[in-house]
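As a plain string of letters, each chain reads:
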Amino acid sequence: RSIVIASSAAVTAGLLWYSFSTTIHNDAIITPTPKLEDTSKSVQKASASSTGVTGDDGSICAVVWGSNQYNVINPNESGVQRVQCPVNSSWLKDVALRDLALHERHAACVDARGDVYQWGDGFFGSSSTSKSESQGPKLTLRGHDIIQLQLTESRLYALSASGKIYVIAANAEQQQKPPPKPLPASTMSWWTPGWIWGAQGNVVDFAEVVPRQKLGWGEQFVSISAGRNHLLALTSSGRTMVHPMNKNANAHGQLGLRKFDIPNPSSTDTVSPPRIHVELVPRAVADPFATASPFSRSASSSVPPSVSTNIDGIDDQHIRFSDALFEIPSLQGI
């Protein structure tokens, strides 16, 4: 009898251990195993569809769709005005890209070597000899190990693997290098302005956007995001910095700050030019009644300027209008 009781206890303990140690799942839905013929047909169907799935050749494809009015989606077929559904881009087949960015009138990509190519009617502009002539991607920025691109209407911003941010014009005609400025005698050395702005054998005019606040040890930029008139940059330490592109950079308060400085474009000092202090006041602050009815505004009320008057004669469409990034005060320490 004692043996029976011991056996019953052992069986009960075993059942309790199994119930508490084993996870009970819902019954899986049993689906019939497809035949080999059905599998091959589904693969062929997916390869021929516009989902970006490649076939047995293992080729690399990019899926594109949208308007091709400015030869951005498919520069090789200018007659195609619109791509209605996502399709595998034939001209990008087997092209390994680090990044691909499309704007309304121009586009750019980064190849596996980190070089930048640009195309589109907005890029070639009036240099295109014929509207029907295909204008393929053109190499513009090379030798900087670029990993990310951001496009605006007039500029291209590029982030390198080492954390540097570069800017070039979106239009090919505006990428021509300016004539070098004469250097002061006190600064004559073994370097030249071409070494600063045209390193690595580049034939286009480009500039580096640098932070005004000093970065920490080992800190570098890891991501960028462009708006219409400003650029945001994130560092490896989580700091957020902003770059004003033009005089409208703070029209809606998007900078997170009002006061900053820009280089004096009339200075001949290309190494450390004198700075011009700028204040951009949001429109809602400068003119709170801008969207109000005429009855709400006094006839004698004067609207203060939202842009500093000391930069009225400065061209803000040039890539060197602002050469710096500024940390957003309200995001410090977050």
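### Some details on the overall build of the protein
In terms of helices and strands, the protein carries five helices and 16 strands. Looking at the protein residue by residue over its 334 residues, the buried ones come to 35%. Contacts spanning at least 24 positions in sequence make up 55% of the contacts within the protein whose residues lie at least 6 apart. Counting only carbon and sulfur atoms, one obtains 56% of the accessible surface of the protein, whose full area is about 20,200 Å².

### Considering the sheet that holds strand β5 (residues 116-119)
Taken together, four strands build an open sheet; the order of strands is β3-β4-β5-β6 and the sheet is antiparallel. The two strands at the open ends of the sheet, each matched to only one other strand, are β3 (97-102) and β6 (138-141). Across this sheet, the average inter-strand angle for adjacent strands is 25 degrees, counted without regard to direction. Bridging between β5 and β6 involves three bridges; their strand directions are antiparallel. Residue pairing in the sheet places Val116 in a bridge with Leu141 of β6.

### Examining the sheet that holds strand β7 (residues 146-151)
Judged by pairing direction, the sheet is mixed, and its eight strands sit side by side in the order β7-β8-β9-β10-β16-β13-β12-β11 without closing on themselves. Looking at the sheet topology across the chains shown, the edges are occupied by β7 and β11 (221-226). Direction aside, neighbouring strands of the sheet carry axes that sit 30 degrees apart on average. Where strand β8 (residues 155-160) and strand β9 (residues 165-169) come together, five bridges link them in antiparallel fashion. Counted as the bridge partner of Leu156 is Ile168 from β9.

### Let's talk about the packing of aromatic side chains
The geometry of an aromatic ring pair comes down to the distance between the two centres and the angle between the two planes. For the coordinates displayed, the defined rule picks out four aromatic pairs. Ring geometry for Trp91 against Trp119: centres 5.2 Å apart, planes inclined by 85 degrees, an arrangement best described as edge-to-face. Residue Trp91 is found in the loop between β2 (82-88) and β3, and its partner Trp119 is found in strand β5; the two are separated by 28 residues along the sequence. Under the relative-accessibility criterion, Trp119 is labelled buried at 0%. Aromatic pair Phe260 and Phe326: ring centres 5.7 Å apart, planes at 50 degrees, arrangement tilted. Highlighted residues: Phe260 in strand β14 (residues 259-263) and Phe326 in strand β16 (residues 324-327), separated in sequence by 66 residues.

### Description of the layout of surface pockets
To locate leftover empty space, one rolls a probe as large as a water molecule over the atoms. Approximately 220 Å³ is the volume found for the second largest pocket. Taken together, His103, Glu104, Arg105, His106, Gly122, Glu153, Ser154, Ala170, Asn171, Gln174 and Gln317 make up the lining of the second largest pocket. When grouped by side-chain class, the residues that make up the lining of the second largest pocket number one nonpolar, seven polar and three charged.

### Thoughts on the confidence of the model for the protein
When pLDDT is low, close inspection of the predicted coordinates is not appropriate. In the predicted model, the protein carries a mean pLDDT of 78, and 68% of its residues have values of at least 70. The low-confidence segment residues 9-22, where pLDDT is below 50, has zero contacts with residues more than four positions distant or belonging to other chains. Residue range residues 186-199 is modelled with pLDDT below 50. Its contacts to residues more than four positions away, or to other chains, number 20 contacts.

### Examining the environment of Gln332
Locating Gln332 in the fold gives a position in the segment after β16. Given a relative accessible area of 46%, Gln332 falls into the partly exposed group. With 91 residues separating them in the primary sequence, Gln332 and Met241 have C-alpha atoms 9.6 Å apart.

### Considerations on the pairing of β5
What you see with β5 is no split at all: Val116 and Gln118 on one side and Tyr117 and Trp119 on the other are buried throughout. Note: strand β4 (residues 107-111) against β5, four bridges, orientation antiparallel. Bridge assignment links Ala107 to a residue of β5, and that residue is Trp119. Hairpin connection from β4 to β5: four residues lie between these consecutive antiparallel strands, with Gly114 at a positive phi of about 90 degrees.

Definitions and cut-offs
- Residues numbered from 1 in each chain as written.
- Predicted model: local features only at pLDDT ≥ 70, side-chain atom pairs only at ≥ 80, totals over all residues.
- Heavy atoms only, no water.
- Helix = DSSP H or I, 4+ residues; strand = E, 2+ residues; numbered from the N terminus.
- Buried < 20%, exposed > 50% of the residue type's maximum accessible area, 1.4 Å probe, protein only.
- Contact = heavy atoms within 4.5 Å.
- Areas by Shrake-Rupley, 256 points an atom, 1.4 Å probe, with all protein chains shown as cover.
- Pairing = 2+ DSSP bridges.
- Axes fitted to C-alpha atoms, helices over the stretch in contact; angles between N-to-C directions.
- Phe/Tyr/Trp six-rings, centres within 6.5 Å; stacked < 30°, edge-to-face > 60°.
- 1 Å grid on protein atoms, 1.4 Å probe; cavity = no way out; pocket = protein on both sides within 12 Å on 5 of 7 lines; lining within 4 Å.
- Points joined across faces, edges and corners; volume = space filled by probe spheres on them.
- Nonpolar A, V, L, I, M, F, W, Y, C, P; charged D, E, K, R; others polar.
- pLDDT = per-residue confidence, 0-100.

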